[in-house]
Amino acid sequence: SIAADYTDVETDIRTVIEVQLDAFARGDATTAYAQASPGIRSLFPTETIFMTMVRSGYAALIAPYRVDFLELFENQGNPIYRVGVESPDGKRWIAFYRMEAQPDQSWRIAGCTLMFISGQSV
């Protein structure tokens, strides 16, 4: 099954996301940028451009109050990690991280979609 295939790589994928979130929180642009796939890096060709994009469109991912790794699933051949995020302002989001395997078998973040969840945080 697909789920069984991903059991071994789930930890690796989660680690990449955690490393990037930690780097965002510390303001470490180099480490954060290194977790992005080559496709993302070609769209945002410098760390500065990348971080500007993150701050403008993905501010909830910078030093979130809480992060919950919810579910790894497959969509069109790519693993997607569904991650619950509570931003410092108390708003709740679901981040869908699209992951991409690299030739060296490592994983990189090939995209992230943030979805706002209405309602109060608990």
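Preceding this paragraph is the structure being described.
Residues numbered from 1 in each chain as written. Predicted model: local features only at pLDDT ≥ 70, side-chain atom pairs only at ≥ 80, totals over all residues. Heavy atoms only, no water.

Chemist: Mind showing me how you'd approach the pattern of salt bridges here?
Modeler: Side-chain pairs of opposite charge can arise where the charged atoms are in close proximity. Considering all chains together, one arrives at six salt bridges under this definition. One salt bridge in this structure joins Glu-18 and Arg-14, with 3.0 Å as the shortest N-O distance. Of this pair, Glu-18 and Arg-14 both sit in helix 1 (residues 2-26), four residues apart, which is roughly one turn of that helix. When its relative accessible area of 34% is taken as the criterion, Arg-14 is described as partly exposed. By sharing partners, the salt bridges in this structure join Asp-22, Arg-26 and Asp-28 into a single network. (Salt bridge = Lys/Arg side-chain N within 4 Å of Asp/Glu carboxyl O. Helix = DSSP H or I, 4+ residues; strand = E, 2+ residues; numbered from the N terminus. Buried < 20%, exposed > 50% of the residue type's maximum accessible area, 1.4 Å probe, protein only.)

Chemist: Would you take a moment to explain the sheet that holds strand 1 (residues 66-75) for this structure?
Modeler: Across a sheet, strands are paired by hydrogen bonds formed along the backbone, either parallel or antiparallel in direction. The strand order across the open sheet built from four strands is 1-2-3-4, with neighbouring strands paired in antiparallel fashion. Bordering the open sheet on either side are strand 1 and strand 4 (107-117), each of which pairs with just one other strand. Neighbour-to-neighbour, the strand axes of the sheet open up by a mean angle of 20 degrees, direction not taken into account. (Pairing = 2+ DSSP bridges. Axes fitted to C-alpha atoms, helices over the stretch in contact; angles between N-to-C directions.)

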